[in-house]
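One-letter residues, chain by chain:
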There are 2 protein chains.
Amino acid sequence: MGGDLGPAMVVDGAALALSREPGTRFLMFGDEDRIGRELARHAALKDAVSIHHTDVVVRSDDRPSQALRRSRDSSMGLAIQAVRDQSADVAVSAGNTGALMAMSKFMLKTMPGIERPALIGLLPTKRGTSVMLDLGANIECDEDNLVQFAIMGAAFASAILHVDRPSVGLMNVGVEELKGNESVRNAAEKLRAMELPFEFVGFVEGDGVGEGTVDVFVTDGFTGNVALKASEGIARFIASLLGEAFRSSVLSKLGYLFVARAMKALQARLDPNKYNGGVFMGLNGLVVKSHGSANAEGFASAVKVASDMVHDDLIHHIAQDLERLGAASNQSPHVAVS
Amino acid sequence: MGGDLGPAMVVDGAALALSREPGTRFLMFGDEDRIGRELARHAALKDAVSIHHTDVVVRSDDRPSQALRRSRDSSMGLAIQAVRDQSADVAVSAGNTGALMAMSKFMLKTMPGIERPALIGLLPTKRGTSVMLDLGANIECDEDNLVQFAIMGAAFASAILHVDRPSVGLMNVGVEELKGNESVRNAAEKLRAMELPFEFVGFVEGDGVGEGTVDVFVTDGFTGNVALKASEGIARFIASLLGEAFRSSVLSKLGYLFVARAMKALQARLDPNKYNGGVFMGLNGLVVKSHGSANAEGFASAVKVASDMVHDDLIHHIAQDLERLGAASNQSPHVAVS
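Residues numbered from 1 in each chain as written. Chains lettered and ligands numbered in written order. Predicted model: local features only at pLDDT ≥ 70, side-chain atom pairs only at ≥ 80, totals over all residues.

### Observations concerning the overall build of chain A
The helix and strand tally for chain A stands at 13 helices and ten strands. On C-alpha atoms alone, chain A measures out to a radius of gyration of 21 Å, which is about the 20 Å that the 2.2 N^0.38 rule sets for 338 residues. Each principal axis of the C-alpha atoms in chain A carries an extent, and together these give about 65 × 60 × 35 Å. Considering chain A as a whole, with its 338 residues, one finds that 52% of them fall into the buried category. (Helix = DSSP H or I, 4+ residues; strand = E, 2+ residues; numbered from the N terminus. Rg over C-alpha atoms; globule rule 2.2 N^0.38 Å. Buried ≥ 20, exposed ≤ 12 C-beta atoms within 10 Å, placed from the backbone.)

### Focus: unusual backbone geometry
Residue Leu133 of chain A is joined to Asp134 of chain A through a cis peptide bond whose omega torsion reads 0°. Turning to its location among the elements, Asp134 of chain A is positioned in the loop between strand 5 (128–133) and helix 7 (143–161). In this model, Lys109 of chain B sits at a positive phi of 60°, which is unusual for a non-glycine residue. Look at His162 of chain B: it is not a glycine, yet its phi comes out positive at around 55°. Mapping His162 of chain B onto the fold places it in the loop between helix 7 (143–161) and strand 6 (167–171).

### Points about the interface of chain B and chain A
Taken together, the contacts link 53 residues of chain B with 53 residues of chain A. Sorting elements by how many residues they give to the side of chain B that touches chain A places helix 10 (residues 221–247) of chain B first, with 22 residues. Tallied by class, the residues present in the side of chain B that touches chain A amount to 26 nonpolar, 18 polar and nine charged. (Contact = placed C-beta atoms within 7 Å. Nonpolar A, V, L, I, M, F, W, Y, C, P; charged D, E, K, R; others polar.)

### As for the packing of helix 7 of chain A against helix 13 (residues 314–325) of chain A
Residue and element names in this part refer to chain A. Where helix 7 contacts helix 13, the two axes come as close as 10 Å, and the packing angle between them is 140°. Our classification of the angle between helix 7 and helix 13 gives oblique. Judged by the twist between their axes, the crossing of helix 7 over helix 13 is right-handed. Residues Ile151, Met152, Ala155, Phe156 and Ala159 of helix 7 form the contact with helix 13, whose own contacting residues are Leu314, His317, Ile318, Asp321, Leu322 and Leu325. (Axes fitted to C-alpha atoms, helices over the stretch in contact; angles between N-to-C directions. Parallel < 35°, antiparallel > 145°, perpendicular 65-115°, else oblique. Left-handed = near helix turned anticlockwise from the far one by under 90°.)

### Considering the confidence of the model for chain A
Atom-level detail of predicted coordinates should not be read off regions where pLDDT is low. Residue and element names in this part refer to chain A. Confidence in the prediction for chain A averages 92 pLDDT; 96% of positions are at 70 or higher. Across residues 327–334, where pLDDT falls below 50, the model places eleven contacts with residues more than four positions away in sequence or in other chains. Scored by ipTM, the complex comes to 0.89, with pTM at 0.91. (pLDDT = per-residue confidence, 0-100.)

### Quick look at the sheet that holds strand 8 (residues 216–218) of chain A
Residues and elements named next belong to chain A. Spatial ordering of the open sheet is given by 3-10-9-4-5-8-6-7, a layout of eight strands whose pairing is mixed. Edge positions in the sheet fall to strand 3 (90–93) and strand 7 (199–204), since each has one partner strand and no second. In this sheet, neighbouring strand axes are inclined to one another by 25° on average, regardless of whether the strands run parallel or antiparallel. One ladder, built from four bridges, connects strand 3 with strand 10 (residues 286–289); its direction is parallel. Following the sheet pairing, Ser93 is matched in strand 10 by Lys289. Where helix 5 (residues 75–84) meets the sheet, its contacts fall on strand 3 and strand 10, and the angle it forms with strand 3 comes to roughly 160°. (Pairing = 2+ DSSP bridges.)

### Quick word on the relation of the copies chain B and chain A
The second copy of the chain is related to the first by a rotation about an axis and a shift along the axis. Once chain B is rotated about the relating axis by 180° and shifted along it by 0.0 Å, it coincides with chain A to within an RMSD of 0.0 Å. Here the two chains are linked by the operation of a two-fold rotation axis. A share of 100% of interface residues in chain B that are also interface residues in chain A marks the association as one of identical surfaces. (Least-squares fit on C-alpha atoms with pLDDT ≥ 70 in both.)

### Description of the sheet that holds strand 10 (residues 286–289) of chain B
Within a beta sheet, neighbouring strands are joined by backbone hydrogen bonds and run either parallel or antiparallel to one another. Residue and element names in this part refer to chain B. If you walk across this open sheet you meet the eight strands as 3-10-9-4-5-8-6-7, and the pairing is mixed. Of all strands in the sheet, those with a lone pairing partner are strand 3 (90–93) and strand 7 (199–204), marking the two edges. In this sheet, adjacent strand axes meet at a mean angle of 25° when their direction is disregarded.

### A word on the domain arrangement of chain A
Domain parsing of chain A yields domain 1 (1–108) and domain 2 (114–280 + 322–329). Placing a centre on the C-alpha atoms of domain 1 of chain A and another on those of domain 2 of chain A gives a separation of 27 Å. (Domains from an automatic or database assignment.)

### Some details on the nonpolar core
Residues Phe156 of chain A together with Phe156 of chain B are the most contacted members of the largest nonpolar core, which totals 214 residues. A domain split of this core shows at least three residues from each of domain 1 (1–108) and domain 2 (114–280 + 322–329) of chain A. The contacts of Phe156 of chain A, once residues within four sequence positions are left out, are Ile120, Val131, Val279, Met281 and Leu314 of chain A. (Core = buried A, V, L, I, M, F, W, Y, C linked by C-beta atoms within 7 Å.)

### Thoughts on the environment of Asp4 of chain B
All names here are of chain B. Looking at the secondary structure, you find Asp4 in the segment before helix 1 (6–20). Classification of Asp4 as exposed rests on a count of 12 C-beta atoms within 10 Å. For the pair Asp4 and Lys274, spaced 270 residues apart in sequence, the C-alpha to C-alpha distance is 17 Å. Leave out the neighbours within four places in its chain, and Asp4 touches Gly292 and Ser293.

### Focus on the environment of Arg247 of chain B
Residues and elements named next belong to chain B. Tracing the sequence through the fold places Arg247 in helix 10. For Arg247, a count of 11 C-beta atoms within 10 Å gives the class exposed. Along the backbone, Arg247 and Lys109 are 138 residues apart, and their C-alpha atoms lie at a distance of 52 Å.

### A closer look at the packing of helix 11 (residues 250–270) of chain A against helix 11 (residues 250–270) of chain B
Axis separation between helix 11 of chain A and helix 11 of chain B bottoms out at 7 Å; the angle between their running directions is 140°. When the interaxial angle is binned, helix 11 of chain A and helix 11 of chain B end up oblique. In this structure, helix 11 of chain A crosses over helix 11 of chain B, and the sense of that crossing is left-handed. Packed against helix 11 of chain A, whose contacting residues are Leu251, Ser252, Leu254, Gly255, Tyr256, Phe258, Val259 and Ala262 of chain A, the element helix 11 of chain B presents Leu251, Ser252, Leu254, Gly255, Tyr256, Phe258, Val259 and Ala262 of chain B at the interface. Of the residues in the contact of helix 11 of chain A with helix 11 of chain B, the class split is twelve nonpolar, four polar and no charged.

### What about helix 2 (residues 32–39) of chain A?
Residue and element names in this part refer to chain A. All of the buried residues in helix 2 are Ile35, Glu38 and Leu39. The buried side chains of helix 2 occupy one side of the element, clustering within an arc of 100° when seen end-on. Considering only its buried residues, helix 2 is in contact with helix 1 (6–20), strand 1 (26–30), helix 3 (43–46) and strand 2 (49–53). (Arc of directions from axis to C-beta.)

Below, the structure written as structure tokens:
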């Protein structure tokens, strides 16, 4: 029931996803009539869907605390319950991000060895695609949070980017060992001392994101959120300048006809729908957030992320990594001194 | 003596700046022979320059601590001394950023009412030009630092962007009052309670930067540094995709001929040399950092920033604002409890 475009987009997206991965089954939670009407347009999808009716919907402007009260009967809550009860392998929602995060955390709980779940997402880069976390779930992060993010991020990159030994970098204001705050310095030290199933390259700077210098960018949720949105904003600004440039004269309009194909390829390369699908990592269950403004193609991308994580048995992998590394959970004693 | 292109670029830049603002006088510190040779190419500039010889140079890979030992005799140190001794109104350097920051802080000291100096810079946006601070001088910032940054940033925007009542926003992960960490929430509360000589609009998100939603973006040095570099990286990535697109076929190469003029205008709009000139705000003297890779045009932009600050009597303005607002310096008692 979520997303700016509502059930029609979700159903179209599911149909696309099914055509790409036949055998997928969908449990759809929400208004039976509306979903049924949309399904009528997709003969093939109908057989792969079971509808679970509810009238209760989390609104886009509900606060997380309000949404939590609707955990038991809202379409969003029921979808997460299905994951908890293992009647679904993964939940995908285009609804209210804060509500989805709060409900997922409340209903699925954090995995052993993880102190805080993080929001991870895909980014287009010069080298291809990278992932970044945390994108805003945790405003302040200590060294152990960052170490855990690195481990989860690498496992996610293996599952989604199909890289055997992903490269992982910690975002910082410089690459030298002494740069940055205590959290990043200590996290780097801990990661360097571990025998990791991925390649920890140390610190990376902001411009590494466009460059794609590593597969996994690890940072706190404040920096990650601001940096991601700043990048999106700059990309939109340049796109608008480009549009103006092509419209600026008869000559440049004519020129556009010659380069239209290359420009469309460029647009497709940066299309946010291709990089759709933020995941809450670190819970006892998989939940994918599809961007509210995503179209059916975008929703299908989010379902693909969901499906890749299931095929890879991602939670199991992370649990194994955490167990092997030990150090991820905060095992050093906390001593109160006064 | 600084910058990737050395004295030739600096002298060419000074010549450009002089042609745009006749009457400017330059004190040049460094190798007399090399500077003299470069000056020979610029008859008009020669009369506006006095050369102050020194053999000692801060290298680009010197640590701040090493550079500090060369405060008294290096070209960088002598330029800052000239500001301290009021034989110059402002210093401009294309040298080692960390060294310049450390030396400036050591030799000029922080202004009364300012706890920490910040690095401020110019950004191209959809609306025109905005400024952002801190870009990396302070890794961790408390609420008073952020309030002081807002006051300094607004004064800088008035001087450089020629806006009477600049709009100022605090970078955050959302615009709602409850978002973010304690520092940004408390800083916003303090700013809302003050009678400011600028318009405090509250929180702004990362994508506001490309949009240019405010004249002044205020954030801590960690977030500011990562967000700025991420934006630069994405811009370079898109530029490289554009280059590829125009080279991708005979047709698109032909098309480029038609749009070349518009594309060059776009490039000029985003040219980093136009937005060159980072300033260390909050010291008892003005120091401008020109980007190491800037060309003569870029260096002239940095000199223009320097000159605008001098004409505006920026330090005096900031001192007045701080005095009037009172609250900027941390006046609440600090109580140690154990």
